[in-house]
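Here is how the chains run, residue by residue.
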Amino acid sequence: MNTVSLFLLCSLIWGSTWFAITFQLGVNSLWSVFYRFLLAGVMLAVYCCLRTGFPRFTVSQHIRLFIQGACLCGLSYWLIYESERYITSGLSAVLCTSVLYFNIMIRCLWLAKPVETKVVAGGVLGSLGVLLVMLPELDVQSVVDAAGWGMLIAVLGSLVLAFGCVACERNEEENLPILPTITLNMLYGSATVALIALVQGVMPEFNFSSTYIGSLVYLAVFGSVGALSSYVVLIRRIGADRAAFIDVVYPVIALCLSSLVEGYQWSLMALLGVTFIGVGNTVALKPSKTTSGEGLSGNQG
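Residues numbered from 1 in each chain as written. Predicted model: local features only at pLDDT ≥ 70, side-chain atom pairs only at ≥ 80, totals over all residues. Heavy atoms only, no water.

**Description of helix α10 (residues 210-238)**
Right, so step 1: Spanning 29 residues, α10 covers 39 Å between terminal C-alpha atoms, matching the ideal 42 Å at 1.5 Å per step.
Right, so step 2: The sharpest bend along α10 measures roughly 30 degrees and falls at glycine 223.
Right, so step 3: Following α10 by one or two positions, glycine 239 adopts a phi angle in the positive range, close to 95 degrees. (Helix = DSSP H or I, 4+ residues; strand = E, 2+ residues; numbered from the N terminus. Expected span 1.5 Å × (residues − 1). Bend = angle between axes of the 7 residues up to and from the residue.)

And the structure:
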């Protein structure tokens, strides 16, 4: 699948998962995240064993994959879910665009990757666009009231997610097989949140309603196996900094879906925000003339 298709696939699916997650809120967020990634990890593990085989990893690789999985498939999701207990989803979406800048900083410090001006400029435009789109949802008093804990949790979730994303890019340098790597990420991520729940004294709970089970299956199959796997491939192709622009695009797709099923009304400011997002993505993702295989124009299978 080419890079453009991967980017669109992740954006479209994750845009729809915002709506699906609303059906998961009746169960403690730690256990909902656990079920989601356990189911996804088991499905990928079965596929790997039957089709591609499951290689042996060294102890040091397992440790790194555990840290990556805990960040990418466990802690980040839990923290972002938790942030919405204190702040609106709109404010959470705006704050989560900080993953763009965390990715750039972590790549620079950890992988010694250069900071590209156009990626930073595109990120600023994209974040401004998300702010304009979500502005009608942001109540000034609620922002002031949540200025501490809820906003801190959302930003911390973005930082943890960024660390996991850059770890994915780091694994490319060792040429670790993608599907077995993602499988272990999901299983380690689910184990992490389950351990946190048990340490907190939160016993396992489950909702046997058709809406909870249906949304869980959708999130596991499409949101995790489909979109997250594609996202990891995308990180390896174009880098964690550019791949993070999906976090700017999918809130807009979520609002498009909301306009269809929940009656969301588009404002002139929201449309202006979408324009900023489009321009920001164009600036940041445009391939460099001197660099082959980057940007969204590459087709690497």
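On we go.
**Some details on the packing of helix α3 (residues 59-83) against helix α9 (residues 178-199)**
Right, so step 1: In the contact formed by α3 and α9, the axes pass within 7 Å of each other and the chain directions differ by 60 degrees. The orientation of α3 with respect to α9, classified from their angle, is oblique. Like other packed secondary-structure pairs, α3 and α9 cross with a definite hand, here right-handed. Taking contact as the criterion, the partners of His62, Leu65, Phe66, Gln68, Gly69, Ala70, Leu72, Cys73, Gly74, Leu75 and Trp78 in α3 are, on α9, Thr181, Leu184, Asn185, Met186, Tyr188, Gly189, Thr192, Val193 and Ile196. (Axes fitted to C-alpha atoms, helices over the stretch in contact; angles between N-to-C directions. Parallel < 35°, antiparallel > 145°, perpendicular 65-115°, else oblique. Left-handed = near helix turned anticlockwise from the far one by under 90°. Contact = heavy atoms within 4.5 Å.)

**Some words on the pattern of salt bridges**
Right, so step 1: For the structure on display, the rule yields three salt bridges.
Right, so step 2: In this structure, glutamate 169 engages arginine 107 in a salt bridge whose closest nitrogen and oxygen atoms are separated by 2.8 Å. Linking glutamate 169 in helix α8 (residues 149-172) with arginine 107 in helix α5 (residues 99-110), this pair joins segments that are 62 residues apart in sequence.
Right, so step 3: The closest approach of N and O atoms between glutamate 116 and arginine 242, which form a salt bridge, is 3.0 Å. In this pair, glutamate 116 sits in the loop between α5 and α6 (117-134) while arginine 242 sits in helix α11 (residues 240-243), placing the two residues 126 residues apart along the sequence.
Right, so step 4: A single salt-bridge network, built from bridges that share partners, covers Arg107, Glu169 and Asp241. (Salt bridge = Lys/Arg side-chain N within 4 Å of Asp/Glu carboxyl O.)

That is the geometry; function is a separate question.
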